[in-house]
Each structure stands twice: as structure tokens, then as C-alpha cells.
Amino acid sequence: MSTFDDDNPMPLGELILRIIPFPGDTNANGDVFAGWLVKQMDIAAATMAARISQGRSATVAMDRMEFLSPVRVGSQVGCYCELIEIGRSSMNIKVEVWTMDRYSEDRRKVTEGRFVYVAIDEVGRIREVPDQS
């Protein structure tokens with residue numbers, strides 16, 4: 001989980017993606033679709049995986065996610081990524097999603113999940129992740 005103090009909760013990881021959901025991204029209740037949120041998380045994690053693998057990569061797994069609170073239309077959605085582990089060809093990336101409402105600086109954690117990617121070559125075969133040292 002994230003590092004929290006009593007007054008100022010903060011996300012862990014690097015801000016990779018910031019986006020604002022619009023009314024077309026909502027369900028019948030007016031809340032942003034969970035699937036829209038997962039898509040943004042996958043885009044953010046894929047961005048980090050591409051940088052680490054120095055090329056193409058593919059999502060191979062997503063870990064369980066819990067949605068802590070709904071996302072409101074117009075709020076800023078930030079996806080923060082943290083590299084957890086690198087294998088021979090795989091990358092395990094944690095993604096935390098935080099929102100900031102339109103009219104305040106208050107942050108709120110919405111969800112988190114882990115995404116596993118594998119590095120792939122030009123024809124889609126698994127390849128090694130380049131040495132990070």
C-alpha cells in the first residue's frame with residue numbers, strides 16, 4: 001500500500017499518465033467505468049514497460065484490483081507506476097490510481113493493481129529485458 005501520514009497521503013511511484021474522464025466514460029449511474037480506469041492503468045504500465053524493455057512489450061497478467069471509491073467526471077486521474085521486479089523477460093509493475101477533484105488539491109486513492117508484461121520482439125516472440133545496470 002501507499003505511504004500515509006495522518007495529514008498528507010501520497011502516491012508511490014512515478015507519475016506516468018494524467019487524464020481527465022468525460023461524460024462518455026461513465027456508466028448509467030454517472031460514475032466512470034471501471035474498465036475505462038483499467039485501460040488507463042494498462043496504458044501507464046505499458047509506457048513504463050516499453051521504457052524498461054527498450055521496445056515492444058505485451059501485458060500477460062493483471063493482479064486483483066479493489067476500487068476504493070468512484071471516479072468523478074472532470075477529476076484529474078493520475079496513474080503512478082513503480083517497478084516491482086524484473087525477470088529474464090518479464091516486468092512486474094505496480095500501478096496506483098489517485099484522483100484530484102476539479103476544484104481542490106485534495107488527492108484520493110482510487111485503486112491499485114499489478115501488471116505483468118513480457119518483452120517481445122518485432123514478430124511477437126518473447127525476448128530478454130535489457131540489463132538495467
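Structure first, text after, so check above.
Residues numbered from 1 in each chain as written. Predicted model: local features only at pLDDT ≥ 70, side-chain atom pairs only at ≥ 80, totals over all residues. Heavy atoms only, no water.

## Let's talk about the environment of Arg108
Here Arg108 lies in strand E5 (residues 107-119). Between the C-alpha atom of Arg108 and that of Met10, which follows or precedes it by 98 residues, the distance is 8.9 Å. Ignoring anything within four residues of it in the chain, the contact list for Arg108 reads Ser69, Pro70, Arg72, Val97, Trp98, Thr99 and Asp101. (Helix = DSSP H or I, 4+ residues; strand = E, 2+ residues; numbered from the N terminus. Contact = heavy atoms within 4.5 Å.)

## Concerning the nonpolar core
With 26 residues, the main nonpolar core has Ile93, Val95 and Val97 as its most contacted residues. Residue assignment for this core shows that the elements contributing at least two residues are strand E1 (14-19), helix H1 (34-53), strand E3 (76-86), strand E4 (90-100) and E5. Ranked by the residues each element gives to this core, the list is headed by H1, at 9 residues. The residues contacting Val95, other than those within four sequence positions of it, are Met41, Ala45, Cys79, Tyr80, Cys81, Thr111, Glu112, Gly113 and Phe115. (Core = buried A, V, L, I, M, F, W, Y, C linked by side-chain atoms within 4.5 Å. Buried < 20%, exposed > 50% of the residue type's maximum accessible area, 1.4 Å probe, protein only.)

## As for the pattern of salt bridges
Tallied over the full model, the rule gives 10 salt bridges. The salt bridge partner of Arg51 is Glu14, with a shortest N-O separation of 2.9 Å. You can see Arg51 sitting in helix H1 and its partner Glu14 sitting in strand E1, a full 37 residues away along the chain. Since its relative accessible area comes to 46%, Arg51 is described here as partly exposed. The partly exposed category is assigned to Glu14, whose relative accessible area is 37%. Residues joined by salt bridges that share partners form a network here, namely Lys94, Glu96, Lys109 and Glu112. (Salt bridge = Lys/Arg side-chain N within 4 Å of Asp/Glu carboxyl O.)

## Brief notes about the sheet that holds E3
Note: strands within a sheet are paired through backbone hydrogen bonds, in either parallel or antiparallel orientation. Strands sit in the order E1-E3-E4-E5-E2 across an open sheet of 5 strands; the sheet is antiparallel. The open sheet has two edge strands with one neighbour each: E1 and strand E2 (57-62). In this sheet, neighbouring strand axes are inclined to one another by 35° on average, regardless of whether the strands run parallel or antiparallel. When E1 meets E3, the two strands line up antiparallel, connected through 5 bridges. In the sheet register, Glu14 faces E3, and the bridge partner there is Cys81. Against the sheet, H1 contacts E1, E2, E3, E4 and E5, and its axis sits at roughly 50° relative to E5. (Pairing = 2+ DSSP bridges. Axes fitted to C-alpha atoms, helices over the stretch in contact; angles between N-to-C directions.)

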